[in-house]
Amino acid sequence: MPILPATPEAIRQAAQALARGDIVAFPTETVYGLGANALDARAVAKVFAAKERPRFNPLIVHVPDLAAAELYAVITDTARLLAEAFWPGPLSLVLQKRPACGIADLVSAGLDTIALRAPAHPVAQALLAEVKLPIAAPSANRSGRVSPTTAAHVQAELGELPAMILDGGPCPLGIESTVVSVIGLEPGLLRPGALPREAIELVLGRPLARAKANHRGASPGQLAIHYAPATPLRLNVTRPEAGDALLAFGPDTPDFDGPTRNLSRQGDLNEAAAKLFATLRELDQMGATAIAVMPIPAHGLGEAINDRLQRAANRG
Ligand code: AMP
Ligand code: MG
């Protein structure tokens, strides 16, 4: 699909594509985003596959405004203060996710938190108004490359992978949003970005705390914000034992009487990624001695799936 100028008709088509589970690139005031319906785990998995992310980093979910944000997250007084001051705009807030709010677990990599932002770009706003769904969107580049600030950059990065690239011209700000966590007592800066720290501190009336341990950096197992199952994991298991709960993959599963969930009977890694976090939670609640995980291939989204499973297994 070519680049389409962001006319009202193209925006309508983009909204339809998102609603049927396709991925669409669109401009925001920061950088171009690669969007998916945040309620649809399969659509979100396509975003990770297109970016070739070796890890499941949590994605920012785009909403039109604070009222929409309330559907998915608990808005504390501090969060409200910041949203009222800076939304729509280049500020992403990490908030407590509402249980059963419908956002796919893969969006926040299994965390109980969610990053929300109301973008100011008119095309992003028009798309959100048309689609009436929350849009999970990281920057529309391959993993490890610079963020795209024009539609041509997106095409150079992702080629035919998005169903559509909406062209809204160059992004006015050109750097990513500032990410602030308002979980816990002290708001903390998780990622510097287009909204200066000073502007935020002025509104808060105090300095922003240093970012706490987040999913970046640090070694496996140290990542405080990562969801890890309480039940120990064993990886690459071909013969599950009594007391195990089996996390299976593919059509050929071992004979086993205990609780079993298959990430994808067809052996489809995108489907497996879409189900991974919700399935881990489910198996974690079965009172098993261990979660036995069948081997998962290493290609495509398998790399990110294995990375996540290894972290969960090494938790100590
Ligand atoms: P990108 O996907 O390139 O837009 O980057 C998303 C940024 O949002 C990353 O730097 C993440 O650290 C941050 N982020 C998104 N969701 C969360 C979350 N639930 N907790 C902490 N950080 C988050
Ligand atoms: Mg990025």
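You'll find the structure just up there.
Report follows, based on the coordinates. Here the structure is a predicted model, which means the values were calculated and not measured.

**With respect to the pattern of salt bridges**
Tallied over the full model, the rule gives 18 salt bridges. Across the pair Arg12 and Glu9 runs a salt bridge whose closest N-O atoms are separated by 3.0 Å. In this pair, Arg12 and Glu9 are both assigned in helix 1 (residues 8–19), three residues apart and thus about one turn of the helix distant. Using a relative accessible area of 35% as the deciding quantity, one classes Arg12 as partly exposed. Note that Arg42 is salt-bridged to Asp268, the shortest N-O span being 3.4 Å. Remark: Asp268 occurs in the loop between strand 15 (260–262) and helix 8 (269–284) and Arg42 occurs in helix 2 (residues 41–51); sequence separation between them is 226 residues. With a relative accessible area of 27%, Asp268 lands in the partly exposed category.

**Here we look at the packing of aromatic side chains**
Under the defined criterion, the tally for this structure stands at two aromatic pairs. Centroid distance Phe48 to Phe56: 5.0 Å. Interplanar angle 90°. Geometry classified as edge-to-face. For Phe48, a relative accessible area of 1% corresponds to the buried category. Residue classification places Phe56 among the buried residues on the basis of a relative accessible area of 3%.

**A few points about the packing of helix 2 against helix 8**
Contact geometry of helix 2 with helix 8 gives a least axis separation of 8 Å together with a crossing angle of 115°. Judged by the sense of rotation from one axis to the other, the crossing of helix 2 with helix 8 is right-handed. Note on element contacts: helix 8 touches helix 2 through Asn270, Glu271, Ala273 and Ala274, opposite Ala41, Arg42, Ala45, Lys46 and Ala49.

**Notes on the environment of Leu235**
Among the structural elements, Leu235 can be located in the loop between strand 13 (233–234) and strand 14 (244–248). On the accessibility criterion, Leu235 (28% relative accessible area) is partly exposed. Each C-alpha atom, one on Leu235 and one on Leu247, is 9.5 Å from the other, the two residues being 12 residues apart in sequence. Among all residues touching Leu235, those that are not within four sequence positions of it are Val293, Leu309, Gln310 and Ala313.

**Examining the packing of helix 8 against helix 9 (residues 302–313)**
Contact pair helix 8 / helix 9: the axes reach a minimum separation of 9 Å and the direction vectors enclose 20°. Relative to helix 9, the element helix 8 is oriented roughly parallel. The handedness of the crossing between helix 8 and helix 9 comes out as left-handed. Together, Leu269, Ala272, Ala273, Leu276, Phe277 and Leu280 of helix 8 and Gly302, Ile305, Arg308 and Leu309 of helix 9 make up the contact between the two elements. Across the contact of helix 8 with helix 9, the residue classes tally to eight nonpolar, one polar and one charged.

**Details of the pairing of strand 6 (residues 91–97)**
A large share of strand 6 lies buried, amounting to six of its seven residues. Where strand 5 (residues 73–74) and strand 6 come together, two bridges link them in antiparallel fashion. In the sheet register, Ala73 faces strand 6, and the bridge partner there is Lys97. The sheet contact formed by strand 6 and strand 10 (residues 178–181) spans four bridges and is parallel. Residue pairing across strands places Val94 opposite Ser181, the latter belonging to strand 10.

Parameters at a glance
Residues numbered from 1 in each chain as written. Chains lettered and ligands numbered in written order. Predicted model: local features only at pLDDT ≥ 70, side-chain atom pairs only at ≥ 80, totals over all residues. Heavy atoms only, no water. Salt bridge = Lys/Arg side-chain N within 4 Å of Asp/Glu carboxyl O. Helix = DSSP H or I, 4+ residues; strand = E, 2+ residues; numbered from the N terminus. Buried < 20%, exposed > 50% of the residue type's maximum accessible area, 1.4 Å probe, protein only. Phe/Tyr/Trp six-rings, centres within 6.5 Å; stacked < 30°, edge-to-face > 60°. Axes fitted to C-alpha atoms, helices over the stretch in contact; angles between N-to-C directions. Left-handed = near helix turned anticlockwise from the far one by under 90°. Contact = heavy atoms within 4.5 Å. Parallel < 35°, antiparallel > 145°, perpendicular 65-115°, else oblique. Nonpolar A, V, L, I, M, F, W, Y, C, P; charged D, E, K, R; others polar. Pairing = 2+ DSSP bridges.

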